[in-house]
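Structural description and commentary
Listed below are the residues making up each chain.
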Amino acid sequence: MSRTVPTASEFVRIEIEASVATIRIDRPKMNPLSIEVQDALGEAARLVSADDEVAAVVLYGGEKVFAAGADIKEMQRMSYTDMVQRAADIQECFSAVARIPKPVVAAIEGYALGAGNELALCADFRVAAEDAKLGQPEILLGVIPGAGGTQRLARLVGPSRAKDLVFTGRQIDAAEAREMGMVDEVVPSGQAYARALEMVQRYVHGPAFALRAAKEAIDRGLDNDLETGLAIEAMQFAGVFATKDREIGMTSFVKEGPGKASFEGR
């Protein structure tokens with residue numbers, strides 16, 4: 001049974017079917033990420049995080065474009081003091097997406113530029129259509145990425161490649177993005193969403209709290225030194241021993257061998 005969960009914006013909705021939530025951006029023609037849309041994305045992230053029915057999430061902008069960037073006309077009117085007040089809110093909305101405690105895949109068709117690319121960087125995995133274009137073109141407007149682009153991109157592809165993209169503002173195709181590790185898979189045009197749904201199916205009946213623990217250990221560990229990261233891992237590792245799925249998984253392994261457990265998500 002499918003259901004749709006609205007957000008405060010008509011341009012962002014959540015579509016839930018078979019334990020997979022699709023956070024759908026639908027603001028013609030290019031899905032510009034205005035303040036309204038940014039706030040709605042943060043709201044959507046919090047809703048799917050709290051929904052026990054949702055096991056995995058897909059970020060999707062439709063068949064023609066993922067998101068071509070922020071709403072430049074809106075930003076053009078903003079002053080320095082306006083942006084001082086807004087910048088932290090932008091990052092918090094995107095960080096809410098990055099903190100979704102479930103596997104998240106971005107399905108990229110068409111353009112993922114500027115804030116659109118920064119949104120895709122918040123996902124755990126990215127699958128892009130072969131004719132997709134990605135990049136951080138903010139420098140061409142006389143500014144820099146402000147929704148995590150200088151940080152998440154550098155952590156994903158390394159500082160030199162991130163600086164190349166940020167300093168030049170150039171767009172890259174899906175093949176180059178795959179080569180540098182910016183996307184994980186490239187598929188024929190029009191197939192990104194179908195492939196993303198296929199990718200998340202492996203998590204739908206998985207051990208939800210172990211997946212959550214693994215994501216938190218990796219993400220929080222990367223933001224710290226190795227010793228701190230290992231301490232985070234140890235805490236998360238011990239914590240999953242309190243779950244029913246740990247008992248199910250180990251009992252199944254002993255009796256039937258690996259890969260045969262039927263997890264309950266608790």
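Of regular secondary structure, the protein chain possesses eleven helices and ten strands. Against the 2.2 N^0.38 benchmark of 18 Å for 266 residues, the protein chain shows a C-alpha radius of gyration of 19 Å, consistent with a compact globule. With respect to the principal axes defined by its C-alpha atoms, the protein chain has extents near 65 × 45 × 35 Å. Buried residues in the protein chain amount to 46% of all 266 residues. A fraction of 66% describes how many contacts in the protein chain between residues 6 or more apart in sequence connect residues 24 or more apart. Carbon and sulfur atoms make up 55% of the accessible area of the protein chain, which totals about 13,800 Å². Side-chain charges of the protein chain comprise 30 positive and 39 negative groups, with the mean position of each set lying 1 Å from the other.

Let us look at the pairing of strand β3 (residues 20–25). Of all six residues in β3, six are buried, a share of seventy percent or more. With burial as the criterion, each face of β3 is covered, one bearing V20, T22 and R24 and the other bearing A21, I23 and I25. In terms of strand pairing, strand β2 (residues 12–17) meets β3 through six bridges, oriented antiparallel. Within β3, the residue paired with E17 across the bridge is V20. The hairpin turn running from β2 into β3, its antiparallel successor, is two residues long, and A18 in that turn takes a positive phi close to 50°.

For the rest of this paragraph, the subject is the side chain of S95. Assignment of secondary structure puts S95 in helix α3 (residues 80–98). The buried category is assigned to S95, whose relative accessible area is 18%.

A few words now on the pattern of salt bridges. Per the counting criterion, the structure on display carries 17 salt bridges. The residue E185 makes a salt bridge to R195 at a minimum N-O spacing of 2.7 Å. Here E185 is found in strand β10 (residues 185–187), whereas its partner R195 is found in helix α8 (residues 192–204), with ten residues between them in sequence. Taking the relative accessible area as the measure of exposure, R195 reaches 17% and is therefore buried. Here the salt bridges do not stand alone but share partners, grouping R3, D51 and E53 into one network.

Here is what the cut-offs are and how they apply
- Residues numbered from 1 in each chain as written.
- Predicted model: local features only at pLDDT ≥ 70, side-chain atom pairs only at ≥ 80, totals over all residues.
- Heavy atoms only, no water.
- Helix = DSSP H or I, 4+ residues; strand = E, 2+ residues; numbered from the N terminus.
- Rg over C-alpha atoms; globule rule 2.2 N^0.38 Å.
- Buried < 20%, exposed > 50% of the residue type's maximum accessible area, 1.4 Å probe, protein only.
- Contact = heavy atoms within 4.5 Å.
- Areas by Shrake-Rupley, 256 points an atom, 1.4 Å probe, with all protein chains shown as cover.
- Lys, Arg positive; Asp, Glu negative; His and termini not counted.
- Charge placed at Lys NZ, Arg CZ, Asp CG, Glu CD.
- Pairing = 2+ DSSP bridges.
- Salt bridge = Lys/Arg side-chain N within 4 Å of Asp/Glu carboxyl O.

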